[in-house]
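# Residue-level structure breakdown
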Amino acid sequence: MEARPTTLKRLKLGKLKVVRRSLLQRYEQQPFISCLAGFYSCRWKRYQRERTEPGKCCCNMRECMFFPLLVAAFCFSLVFLYTWGEGKNDYNSFDWYNYGNLGFWFLWSLVILIVAAVLFAYISLLLVLAMCLLAEGQQLYLHWSHKIGTFLVLGFSIASLFALSILWRDHRKTVRLSFQVTAPYLHIGAIAIMVLLAWPVALHAIRADKKVTQVIIVGPYLAILLFLFLIPLGMYSPCIREMGTLGPKPALIGHRGAPMLAPENTEMSFLKTIEHGGDGLETDVAISYDGVPFLMHDDTLRRTTNIEEVYPNDTGKAASFFSWDALQKLNAGTWFLKRNILTGTCGSAKSWMSSSKSRRLNAIWSGKKAVYIPADALAPKQHPSIKVLWLHNSVRSFVQSVAPGFQHTMGRKAPIEDLLKHNIVKLNLVYTEMSSEDIRKYAEANITTNFYVVNEPWLYSLAWCSGAHSVTTNAVHLLKNLSQPLFLMTPQQYNIMWILTDLTSAFLISLIFALHWCREKNLSSCAQDNNPMIESGGSYNKFKTELSNMPAVLA
């Protein structure tokens, strides 16, 4: 008779040991949770933290109102970081714009990129900590210092995006172009984020005690997921094309030579372009006060010469109002070294301003490369190795009569009929106007297209896939090494990537939901089996509290 009570007692103690061991395993995770809560809430002590009750909100009302601001700060900082990062092609123009307004040279573009990356990393860390705390069933409480940081990130990102939209409107076109090559990979990244979010979403949805709460949690998540699954149906990229349909590599025209390697519009800059395999040169010609042509892009000499040292009282004077003798006293290379635009050496490059137009220009034209020069430059007639492109519209008829060998180009899009009427053979367009459909339409009428200024490999790859004939670039030495477009793939390859991404993510998300469902079901069954006093509708949390307070002798 005594054996039965003893066996029952041992059985109960054994079950209690199992439950207590399970609770102790949960307690062993506390150092990890302490780190999460410490960095997120500055609550390092266990008694400072609270677990989320099943079916209850993950935080109080104030935190519930602030959490969307944290998500918004993450989204806006991500958008600005992507927008500014994809604008790297125009960093040099941005820095020169600031130089013209501020009067001193500084790499503002790089500073903004670093700040944007740091702020995005900071806000991403906070969001990851929040997701981990939610996955562990902890209540959220963001420390006041992080709340201030969140407002700063949100304000900086919104203000920066607004400033870009006002001061640099064409930058939006650059971002839209970038989507044509990065969209397939952004799609994969978005799917990966949704897989990671499945863990806290599944945890709180399954623990919710009301169907309405479950629908509120799971409904938006599944809607966004379905949208991401189907978005490739409306995606377009000229770099997704059948094998054998890719056109020839666009010719590379050195923009004022190779300004990343040597001072622009100097002999050294032109030689660097030829040395790195450029297909042509683009330069700018001005006329001195005494009628001598020289190479200069700006209206003044302030940016690309040492005029502040030689003629400090004439820094704002137009370049064309200097005599050739005065221009020869200037140095057009020292600024390149002093301002440290890019790494590398260019020696003490001196100004290349020719006193004899035909002698100097013939020195360039005698090479094998075609020379592309602007509208106001003249050239020796019947030269066998050059192409002179006339861009200016106002005197086009006169130029056609006196220089029939010039090839006429236009700097804007126009109907094909108008272009053929004026004997236009090439369009010289800013790269933001790139369109594979327009390029194909003009090519059918034997009108080629050139885009400027293309410096980044992704943008050059897009021009290549779109069928551009040539690009004007500051980075001949970088783009010449590309053997094929960076994001080139066949439609079959992309479909396989798309379907595998969707199927894999759907499997992982289903697995996460199933694991949470089984885990919560087992915990609930364990609570009822090991405490007969708890009825089917009893409180599981109350049972855990009682077990945790049991005397240690039960162990």
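Computed from a prediction, not measured in an experiment: that's the story for all the values here.

Turning next to the overall build of the chain. The helix and strand tally for the chain stands at 20 helices and 10 strands. The long-range share in the chain, meaning contacts at least 24 apart out of those at least 6 apart in sequence, stands at 63%. Per element, the accessible surface of the chain, about 30100 Å² overall, is 63% carbon and sulfur.

Moving on, we come to helix α16 (residues 436–444). For α16, every residue scored as buried is listed here: Asp438, Ile439 and Tyr442. For α16, the angular spread of the buried residues around the axis is 100°, confining them to a single face. Opposite the buried face of α16, at more than 90 degrees from it, the exposed residues are Glu437 and Glu444. Where the residues of α16 are buried, they touch α15 (416–421), β8 (424–430), β9 (448–452) and α17 (457–466). Just downstream of α16, Asn446 is the residue with a positive phi angle, here 60°.

This part is about the packing of helix α5 (residues 108–135) against helix α6 (residues 144–167). Taken N-terminus to C-terminus, the directions of α5 and α6 make an angle of 135°; their axes are 10 Å apart at the nearest point. Looking at the two axes, α5 sits oblique to α6. Seen along the crossing, α5 lies across α6 with a hand that is left-handed. Residues Val115, Leu119, Tyr122, Ile123 and Leu126 of α5 lie in contact with α6, whose contacting residues are Ser145, His146, Gly149, Thr150, Val153 and Phe156. Within the contact of α5 with α6, the residues separate by chemical class into seven nonpolar, four polar and no charged.

Take a nonpolar patch on the surface next. There is a patch of nonpolar side chains on the surface, built from Leu102, Phe104, Phe106, Val111 and Val115 and spanning about 400 Å² of accessible area. Inspection of the secondary structure assignment puts Phe104 in the loop between α4 (91–102) and α5.

Following the criterion strictly, the structure yields 15 aromatic pairs and no others. Measuring from ring centre to ring centre gives 6.3 Å for Phe80 and Trp84, while their planes differ by 20°; the resulting arrangement is stacked. Here Phe80 and its partner Trp84 are both found in helix α3 (residues 61–86), four residues apart, which amounts to about one turn of the helix. For the pair shown, Phe80 and Trp84 are each scored as buried. Where Tyr185 meets Phe487, the ring centres are 5.6 Å apart and the plane angle is 55°; that geometry is what we call tilted. In this pair, Tyr185 is assigned in helix α7 (residues 170–207) and Phe487 in the loop between α18 (476–479) and α19 (491–529), connecting sequence segments 302 residues apart. By the ring-pair criterion, three or more aromatic residues cluster together here, those being Phe80, Trp84, Tyr91, Phe94, Phe156 and Trp168. For Arg303, the ring lying beneath its charged end belongs to Trp96, and the centroid distance is 4.6 Å. Lys441 extends its terminal NZ or CZ atom over the ring of Tyr442, reaching a point 5.3 Å from the ring centre.

Packing of α4 against α5 leaves a shortest axis separation of 8 Å and a crossing angle of 115°. Every residue of α5 that contacts α4 at Tyr91, Phe94, Asp95, Asn98 and Leu102 is listed here: Trp108, Ser109, Ile112 and Leu113. Looking at the contact of α4 with α5 residue by residue, the class counts come to six nonpolar, two polar and one charged.

A word on the environment of Tyr460. Tracing the chain through its elements places Tyr460 in helix α17. Residue classification places Tyr460 among the buried positions, given a relative accessible area of 0%. In this structure, the C-alpha to C-alpha distance between Tyr460 and Lys249, residues 211 residues apart in sequence, is 9.5 Å. Excluding residues that lie within four positions of it along the chain, Tyr460 makes contacts with Lys249, Pro250, Leu252, Val454, Val471, Leu479 and Leu482. In terms of polar contacts, Tyr460 uses its side chain to reach the backbone carbonyl oxygen of Pro250, at 2.8 Å.

Glancing now at the pattern of salt bridges. Counted according to the given criterion, the structure contains 10 salt bridges. Ionic pairing is found between Arg256 and Asp284, a salt bridge with its closest N-O pair at 3.7 Å. Taken as a pair, Arg256 in the loop between β1 (251–255) and α9 (267–275) and Asp284 in the loop between β2 (280–282) and β3 (285–287) lie far apart in primary sequence, 28 residues in all. You can call Asp284 buried: its relative accessible area is 12%. Lys272 serves as the salt-bridge partner of Glu275, at 3.9 Å between the closest nitrogen and oxygen. You can see Glu275 and its partner Lys272 sitting in helix α9, three residues apart, about one turn around the helix. Residue class for Glu275 comes out exposed when judged on its relative accessible area of 56%. Linked by salt bridges that have partners in common, Arg256, Glu264, Asp284, Asp298 and Arg303 make up one network.

Another point: unusual backbone geometry. Val453 follows Tyr452 through a cis peptide bond whose omega is -20°. With phi around 55°, Asn265 is a residue other than glycine that occupies positive phi space. With respect to the element layout, Asn265 can be found in the loop between β1 and α9. With a relative accessible area of 5%, Asn265 lands in the buried category. Unlike most non-glycine residues, Asn423 shows phi in positive territory, near 60°. Mapping Asn423 onto the fold places it in the loop between α15 and β8. A relative accessible area of 46% places Asn423 in the partly exposed class.

Moving on, we come to the confidence of the model for the chain. This prediction gives the chain a mean pLDDT of 78; 76% of its residues lie at or above 70. Low confidence marks residues 532–544, where pLDDT is under 50. Its contacts with residues over four positions away, or in another chain, come to 13 contacts.

Turning to the side chain of His255, a few remarks are in order. Note on placement: His255 falls in strand β1. By relative accessible area, His255 is classed as buried at 13%. When residues no more than four places from it in sequence are discounted, the contact partners of His255 are Glu282, Val453, Thr472, Thr473 and Asn474.

What counts and what doesn't
- Residues numbered from 1 in each chain as written.
- Predicted model: local features only at pLDDT ≥ 70, side-chain atom pairs only at ≥ 80, totals over all residues.
- Heavy atoms only, no water.
- Helix = DSSP H or I, 4+ residues; strand = E, 2+ residues; numbered from the N terminus.
- Contact = heavy atoms within 4.5 Å.
- Areas by Shrake-Rupley, 256 points an atom, 1.4 Å probe, with all protein chains shown as cover.
- Buried < 20%, exposed > 50% of the residue type's maximum accessible area, 1.4 Å probe, protein only.
- Arc of directions from axis to C-beta.
- Axes fitted to C-alpha atoms, helices over the stretch in contact; angles between N-to-C directions.
- Parallel < 35°, antiparallel > 145°, perpendicular 65-115°, else oblique.
- Left-handed = near helix turned anticlockwise from the far one by under 90°.
- Nonpolar A, V, L, I, M, F, W, Y, C, P; charged D, E, K, R; others polar.
- Patch = residues over 30% accessible without salt bridge, like charges linked within 9 Å, V, L, I, M, F, W, Y side chains within 5 Å.
- Salt bridge = Lys/Arg side-chain N within 4 Å of Asp/Glu carboxyl O.
- Phe/Tyr/Trp six-rings, centres within 6.5 Å; stacked < 30°, edge-to-face > 60°.
- Lys NZ or Arg CZ within 6 Å of the ring centre and 35° of its normal.
- Polar contact = N/O pair within 3.5 Å; in protein donor to acceptor, adjacent residues only side chain to side chain.
- pLDDT = per-residue confidence, 0-100.

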